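A closer look at the structure
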Amino acid sequence: MTITQLMCRAFTVLTLAGAVLHCPAQDTLRITLPEAEKQFTSKNLDLMAEKYNIDIARAQVLQARLYNNPNIQFAANAYNPDRKKWLDVSNTGEYYGGIQQLILLAGKRNKQIKMAETNSLLAENRFYDLMRTLRYTLHSDFYQGTYLQQAIAAYQVPIAALEKLTVNYNELQAKGVITLKEVVRVKSLLYNLKTEQTALQNQFNDIEAELQLLMQNNHTWFIPVSDVAVTQLPSIRKYVLPTLVDSAYANRYDLQVAANTLTLNQQNYSLQKAMAVPDLTAGAQFDKRGSFVNNASFLTVAMDLPFFNRNQGNIKAAKIAIDQSNTNLTRQKLTVENEVQQAYGKALNTEKMLNAIDPGFQNDFDKLLKSITENFEKRNISLLEFTDFYDSYKQNVLQWNQLQNDRIQAIESLNFSIGKPIINL
């Protein structure tokens, strides 16, 4: 069995053991990224709560389309003292009835409908921007968890060898073949590796907790499973930065939120100017025995006189809000461009570094590990050479693992900055 196969077996054993050790009441589930996304989109409570805002905004569009209700009035003589009769509407009593309707002028109703529709679009864009952010967190945690578990498993190979060596050294030291110093040095190396492995396990536990929260499942210990071959991913160099920035302008929902906010404030400015125009109240009245004739009919028209309040303050505030929204939109465009540039540069750098490493270098270390251990047991190499090699092996495995993770994280960050995946992992 090769060292790589040992690491794969150790990876599986450790993840299952970690689930039992740290979460005894939880089930263990090996999960791929598509499966994690499916649970995330169907169960995440943050998304569900934000989606309600879309329904609320759509209901407000419905409300904005409704007309004002008419107002009906009726008045009658409550008590006739001459006839000593309540609600006297007989031949001598008076009663009065009327109906009124508020008529919005200056296109206020249509302007309110447009604002409600823009608010609905804003709610949708906020929902999709939240989904973009949470999905990026899910992807980042998924791959971070994958490579953390691989790093934890990488420790198990030298730890298993050192545990076996420690047992042998204890026996040899008891027979006086080797000194206590050599035994202590091997044990020290073993304990150091176990401490570092535990620290990585604690990091993975933090990632696991976030994955459980994203998928709203605290009763399952998720083991991320990925078959992504990092060295075979498409090159970032085939994409040019201006094209990526233009794509981000078209796909970033936070940028669309800023644009929608500007539109909303422009619509509000138009509405506030229209509010300076008084609305009309029209109606009809009938008066029985209370006017110049017994059965008097009237048409009524009423309107406020805009002498003092012409909505000046609200109009000014709406105009300032437009200037503010323009500033925020410009700032958001610069932010998007900056984020794409930064993510693109990181993706290029990690790709360059990964490509600079000889693919056979890792295999060479794997082949040497067993040989070094056997030769040390036979005392063909010194303790210093042995510990130096183990330290170099550990650093090589961890660095190679980190480089692969960095490459994937850089691609995910670039996808996130653009607003859509340009490379599907």
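If you're wondering where the values come from, they're calculated on a predicted model, not measured in any experiment. (Residues numbered from 1 in each chain as written. Predicted model: local features only at pLDDT ≥ 70, side-chain atom pairs only at ≥ 80, totals over all residues. Heavy atoms only, no water.)

Before going further, it helps to spend a moment on the overall build of the chain. When you go through the chain residue by residue, the secondary structure sums to 10 helices and 8 strands. For the chain, with 425 residues in total, the buried portion stands at 40%. Within the chain, residue pairs in contact and separated by at least 24 positions form 80% of the contacts whose partners lie at least 6 positions apart. Working note: accessible area of the chain is about 24,000 Å², and carbon and sulfur atoms make up 56% of it. (Helix = DSSP H or I, 4+ residues; strand = E, 2+ residues; numbered from the N terminus. Buried < 20%, exposed > 50% of the residue type's maximum accessible area, 1.4 Å probe, protein only. Contact = heavy atoms within 4.5 Å. Areas by Shrake-Rupley, 256 points an atom, 1.4 Å probe, with all protein chains shown as cover.)

Let us now look at unusual backbone geometry. You will see that alanine 106, though not glycine, has its phi angle at about 65°, which is positive. Summarising the element assignment, alanine 106 is placed in the loop between β5 (95-103) and α4 (108-174). You will see that asparagine 311, though not glycine, has its phi angle at about 60°, which is positive.

What follows concerns the pattern of salt bridges. The tally for this structure, following the rule as stated, stands at 11 salt bridges. Between arginine 65 and glutamate 117 there is a salt bridge whose closest N-O contact spans 2.7 Å. A residue pair is termed long-range when its members are at least 10 positions apart, and arginine 65 in helix α3 (residues 45-65) and glutamate 117 in helix α4 qualify at 52 residues. With a relative accessible area of 35%, glutamate 117 lands in the partly exposed category. Notably, a salt bridge pairs lysine 108 with aspartate 279, separated by 2.7 Å at the nearest N-O pair. Taken as a pair, lysine 108 in helix α4 and aspartate 279 in the loop between α7 (253-275) and β7 (280-288) lie far apart in primary sequence, 171 residues in all. Residue lysine 108 is classed as buried on the basis of its relative accessible area of 3%. Several salt bridges converge on common partners, so that one network encompasses Asp129, Arg132, Arg252, Asp254 and Glu339. (Salt bridge = Lys/Arg side-chain N within 4 Å of Asp/Glu carboxyl O.)

The antiparallel open sheet is built from 4 strands, whose spatial order is β2-β5-β7-β8. In this open sheet, the two strands that pair with only one neighbour each are β2 (71-76) and β8 (295-303). On average, each strand axis in the sheet is tilted by 15° relative to the strand beside it, whichever way the strands run. (Pairing = 2+ DSSP bridges. Axes fitted to C-alpha atoms, helices over the stretch in contact; angles between N-to-C directions.)

What follows is about the nonpolar core. Counting residues in hydrophobic clusters, the biggest one holds 79 residues, and the most contacted among them are Leu162, Ile236, Leu244, Phe376, Phe386, Tyr390 and Leu414. Sort the elements by how many residues they give to this core and α4 lands first, with 19 residues. Setting aside anything within four residues of it in sequence, one finds leucine 244 in contact with Tyr239, Val340, Tyr344, Leu414, Ile418 and Ile422. If you look at the next biggest cluster of nonpolar residues, it comprises 5 residues, including Met115, Leu122, Val257 and Leu271. (Core = buried A, V, L, I, M, F, W, Y, C linked by side-chain atoms within 4.5 Å.)

Looking now at the side chain of glutamine 272. Take glutamine 272: it is sitting in helix α7. In this structure glutamine 272 comes out as buried when scored by relative accessible area, which is 13%. When residues no more than four places from it in sequence are discounted, the contact partners of glutamine 272 are Asn311, Asn314, Ile315 and Ala318.

Attention now goes to the packing of aromatic side chains. Applying the stated criterion across every chain yields a total of 5 aromatic pairs. Measuring from centroid to centroid gives 5.2 Å for phenylalanine 127 and tyrosine 128, while their planes differ by 70°, and the two rings are edge-to-face. With a relative accessible area of 7%, phenylalanine 127 lands in the buried category. Tyrosine 128 sits in the partly exposed class, given a relative accessible area of 35%. Aromatic ring contacts, followed pair by pair, group Phe127, Tyr128 and Tyr253 into a single cluster. (Phe/Tyr/Trp six-rings, centres within 6.5 Å; stacked < 30°, edge-to-face > 60°.)

Here the focus is a nonpolar patch on the surface. On the surface, Leu45, Met48, Tyr52 and Ile56 cluster together into a nonpolar patch covering about 410 Å² of accessible area. Topologically, leucine 45 is positioned in helix α3. (Patch = residues over 30% accessible without salt bridge, like charges linked within 9 Å, V, L, I, M, F, W, Y side chains within 5 Å.)

What follows covers the environment of alanine 116. Inspection of the secondary structure assignment puts alanine 116 in helix α4. Residue class for alanine 116 comes out buried when judged on its relative accessible area of 9%. Between the alpha carbons of alanine 116 and glutamate 35 there is a distance of 37 Å; along the sequence they are 81 residues apart. Apart from the residues within four sequence positions on either side, alanine 116 is in contact with Ala57, Gln60, Val61 and Ala64.

A word on the environment of lysine 346. Summarising the element assignment, lysine 346 is placed in helix α8 (residues 312-355). Judged by its relative accessible area of 47%, lysine 346 is partly exposed. The spacing of lysine 346 and serine 413 is 67 residues in sequence and 8.9 Å in space, taken between C-alpha atoms.

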